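Chain by chain, the residues run as shown.
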Amino acid sequence: MDKKIRGFGAVCYSAPLTPQNLQWVSTVSTAILLLAKGTAIQKSFLVPLFALQAPAAIVSWMKGEYGIWTAFLALLVRLFFYIPGELELPFIALLLVILSPYQITRLRGTQEGVIASLAIAAYLAFQHFTRLGSLGKAFDQGSILATLATVCVVLVPCLLLI
C-alpha cells in the first residue's frame, strides 16, 4: 500500500470575479449609498450609475410587468403622500430603466458603458472624499459604510475594464 504524500502548500479559493458578480456588488453598493447618511455626494448621480451597472435580472424585472406595476403604485403613493428626496430616487431609477430607449440600454455591458460608469463613480468618489475633508475622516464611525460603498462603486468599473 503506497500512501500518497501530499504537499503542504496553501490552498486558496476566492469566488470568481465574474461581470455578473461585480454588477451585483455595484448594485448593492449603490443601494447603500442611496440610503446612507454619512456621505456628502449628490445622490442623483447614483441613478444613472445604477441604470448602467444593474444586473440583467434586475433590469428585466424592472422592464417587465412587475416593474411597471411597481412604478404605477409608487406614482400613486407619490401623488397623495410626501416622499423625502432619498426615497424618491429609487422610484426615479425605476422610471429611468423602464423608459430608457434602446440606444441607452445597449450601452449596458459594453466598454463605453463601463467608461461612463467609471466617470460617474470617480466624480462621486471625488465628492465624497473632498467634502469629508481627509481620508482619515472618511473612515470615521459615521461614514465608514458610505466610504466602503464608494470604494466598491469605483472599483467595479475598474475591474470590468480589465
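The numbering scheme is per chain: residues are counted from 1 as the chain's sequence reads. Two thresholds apply to this predicted model, a pLDDT of at least 70 for residue-level local features and 80 or more for giving and counting side-chain atom pairs, whereas whole-chain, interface and lining totals are computed over all residues. Calculation of side-chain values draws on the structure's entire complement of heavy atoms; hydrogens and water are dropped beforehand.

Caption draft 1: Highlighting the nonpolar core. L33, L46, L49, F50, M62 and L124 are the most contacted members of the largest nonpolar core, which totals 29 residues. The contact criterion used is simple: two residues touch if any of their non-hydrogen atoms lie within 4.5 Å. Apart from residues lying up to four places away in sequence, F50 is in contact with T27, T30, I58, M62 and A93. Residues belong to a common nonpolar core when they are buried Ala, Val, Leu, Ile, Met, Phe, Trp, Tyr or Cys residues joined through side-chain atoms within 4.5 Å. Relative accessibility decides the category of a residue: with a 1.4 Å probe and only protein chains considered, values under 20% of the type maximum give buried, values over 50% give exposed, and everything between is partly exposed.

Caption draft 2: Structural context of the packing of helix α3 (residues 56–63) against helix α4 (residues 65–80). Between the N-to-C directions of two axes lies an angle of 0 to 180 degrees, each axis being a line fitted to C-alpha atoms and, for a helix, fitted only over the stretch in contact. Going along the chain from the N terminus, every DSSP run of H or I of four or more residues is numbered as a helix, and every run of E of two or more is numbered as a strand. Following both chains from N to C, one finds α3 and α4 inclined at 65 degrees, their axes separated by 4 Å at the closest point. Facing W61, M62 and K63 of α3, the residues of α4 in contact are E65, Y66, G67, I68 and T70. Three classes are used: nonpolar for Ala, Val, Leu, Ile, Met, Phe, Trp, Tyr, Cys and Pro, charged for Asp, Glu, Lys and Arg, and polar for all others, with Gly counted as polar. Split into classes, the residues belonging to the contact of α3 with α4 amount to 4 nonpolar, 2 polar and 2 charged.

Caption draft 3: The arrangement of the side chain of T150 in detail. Along the polypeptide, T150 turns up in helix α9 (residues 144–161). The exposure class of T150 is buried, given its relative accessible area of 1%. If near-sequence neighbours (up to four positions away) are discounted, T150 is found in contact with L33, L124, A125 and H128.

Caption draft 4: Quick look at the pattern of salt bridges. Put simply, a salt bridge is a Lys or Arg side-chain nitrogen that is within 4 Å of an Asp or Glu carboxyl oxygen. Counted according to the given criterion, the structure contains 1 salt bridge. The residue E88 makes a salt bridge to R78 at a minimum N-O spacing of 2.5 Å. Here E88 is found in helix α5 (residues 85–99), whereas its partner R78 is found in helix α4, with 10 residues between them in sequence. Overall, R78 belongs to the partly exposed group, its relative accessible area being 34%.

Caption draft 5: Spatial organisation of the environment of Q53. Along the chain, the position of Q53 falls in helix α2 (residues 46–53). With 61 residues separating them in the primary sequence, Q53 and V114 have C-alpha atoms 7.9 Å apart. In this structure, Q53 is in contact with Q23, S26, T27, V114, S117, V156 and L160, ignoring residues within four places of it in sequence. By the criterion applied in these results, polar contacts are pairs of N or O atoms within 3.5 Å in which, for protein atoms, one can donate a hydrogen and the other can accept it, and in which residues neighboring in sequence qualify only through two side-chain atoms. Within the structure, the side chain of Q53 is placed 2.8 Å from the side chain of S117, a separation counted as a polar contact.

Bear in mind that shape data such as this cannot, by itself, settle questions of function.
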